[in-house]
Amino acid sequence: MKAIVQDMYGDPDVLEFREVDRPEPGERQVLVRVHAAGVNIADWFIMTGTPYFLRLAGFGLRTPKRTTPGTDVAGVVEAVGGGVTRFKPGDEVFGEGKATFAEYACADEDDLVAKPAGVTFEEAAGLPLAGITALQGVRDAAKLTAGQRLLVNGSSGGVGHFAVQIAKSMGAEVTAVCGPNNVELVRELGADHVVDYSREDFTRTSERYDAILDHIMNHPFSVLLRLLTPTGALMPNSGNGGKWLGGGRHRLKAEVIRPFTRRRMAPFLGKTTRADLEELARLAESGQLRTVVGHTYPLSDTARAIQHVAGGHARGKVVVTS
Ligand SMILES: NC(=O)c1ccc[n+]([C@@H]2O[C@H](COP(=O)([O-])OP(=O)(O)OC[C@H]3O[C@@H](n4cnc5c(N)ncnc54)[C@H](OP(=O)(O)O)[C@@H]3O)[C@@H](O)[C@H]2O)c1
């Protein structure tokens, strides 16, 4: 089968599109014929080996330990391991797999759920990592409740456009910060107020928010904290914090500031669970959550797809198809 392979860290040209052996599912694993794989900024981090702390965290010091990238997946079950009880060949699924920039990929049974009818493979492939992050950010980190006010900075990208919709499905009032080309989009997705960052600075306001989910972190913590209600929560959620620490830099800062503020510092890391994949499927099936597929690339062009996301201006999700 064809797959994307990377033998070293580096620029997009380290990604080769080549022939490899088809993987065999383990006892509790499912082999999926990949129809679509979502692209995340994490794929850029793993491709380049930056921020460097990732290398220390087990991704491989000089060369990547895992040479076949990609995690988000949607496709059709081709075969199952002996211990698999929830799926059979022919089932349409989505979730988190291993080495999903490929024609076939394995996934643990518990990291997959049924693809809702009416949702395309491309839409389903965009859901896992960004959808889980948005869901856990809004529901668990912000602990948002109906009627509360959420501001999302970076509201038109993968995580942001899901966060706007999930917060609306919970009955929150949402202010979405985005660029001029996406104002209409985030309004259509349900945002109550939209701030175009090219015309207005969202921090120059007397509004107060119960939570801020910030994917950009282009304002100091002190300014963001002033925009919160006295018990409001700040989720600094940008992975862009320099070559060494990346998003870890914002997490560290949050820990340093935490003792000095009554506002809640709530950095978080999304973690895939079957229950939350099922919740995303339920929201998508009911029409409360829609994946905006901003761009698709063929599998052979995965390098360009990852570069597109790394440019920082993806609209909704970028997906590769095979
Ligand atoms: N905590 C976790 O577990 C976790 C998991 C996944 C991702 N993340 C982090 O979440 C962040 C967002 O990820 P993503 O996948 O949503 O990124 P993305 O798809 O690349 O989206 C970025 C969005 O930000 C917008 N943007 C760029 N500059 C802006 C500005 N100055 N003000 C407001 N919006 C701006 C862009 O829209 P325009 O084209 O209109 O500029 C684009 O739509 C990343 O930094 C990532 O590292 C964290």
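All figures in this text were calculated on a predicted structure; none of them were measured in a lab. Note on numbering: residues in each chain are counted from 1, in written sequence order. The predicted nature of this model means local features are confined to residues of pLDDT at least 70 and side-chain atom pairs, given and counted, to a pLDDT of 80 or more, with totals for whole chains, interfaces and linings taken over all residues. Excluded from the side-chain calculation are hydrogens and water; included are all heavy atoms of the structure.

Caption draft 1: Local environment of the pairing of strand β15 (residues 317–321). Only protein chains enter the area calculation, which uses a 1.4 Å probe; residues under 20% of their type maximum are buried, those over 50% are exposed, and those in between are partly exposed. Secondary structure is summarised from DSSP: a helix means a run of H or I of at least four residues, a strand means a run of E of at least two, and numbering begins at the N terminus for each. The element β15 is extensively covered by neighbouring structure, given that 4 of its 5 residues are classed as buried. Whether two strands pair comes down to DSSP finding at least two bridges between them. As defined by bridge partners, strand β3 (residues 29–39) adjoins β15 across 4 bridges and the pair is classed as antiparallel. Each residue of the ladder has a partner; that of valine 39, found in β15, is valine 318. Bridge count between strand β14 (residues 293–298) and β15: 5 bridges; the pairing is parallel. Looking across to β15, one finds that tyrosine 297 is bridged to valine 320.

Caption draft 2: Up close: the packing of aromatic side chains. Here a pair means two rings of Phe, Tyr or Trp (six-membered ring of Trp) with centres within 6.5 Å. Their orientation is stacked below 30 degrees between planes, edge-to-face above 60, and tilted elsewhere. Tallied over the full model, the rule gives 1 aromatic pair. Its end group placed over the ring of phenylalanine 17, lysine 2 keeps NZ or CZ at 5.6 Å from the ring centre. The residue whose ring lies beneath arginine 22 is tyrosine 104, and the NZ or CZ to ring-centre distance is 4.5 Å. Should the NZ of a Lys or the CZ of an Arg lie within 6 Å of a ring centre and within 35 degrees of the ring normal, that charge is described as sitting over the ring.

Caption draft 3: Up close: helix α9 (residues 274–285). For α9, with 12 residues, the first-to-last C-alpha span of 16 Å sits near the 16 Å given by 1.5 Å per residue. Buried within α9 we find Asp276, Leu277, Leu280, Ala281, Leu283 and Ala284. Buried positions in α9, seen along its axis, are confined to an arc of 165 degrees and lie on one side of it. Exposed side chains of α9 directed beyond 90 degrees from the buried face belong to Ala275 and Glu285. We call two residues in contact whenever any of their non-hydrogen atoms come within 4.5 Å of each other. Its buried side turned inward, α9 meets β5 (92–96), β7 (112–114), α4 (128–141) and α5 (158–169). Positive backbone phi, approximately 85 degrees, marks glycine 287, located one or two places after α9. By this rule, a helix spans an expected 1.5 Å times one less than how many residues it contains. The arc under discussion is defined with respect to the helix axis, by the directions toward the C-beta atoms.

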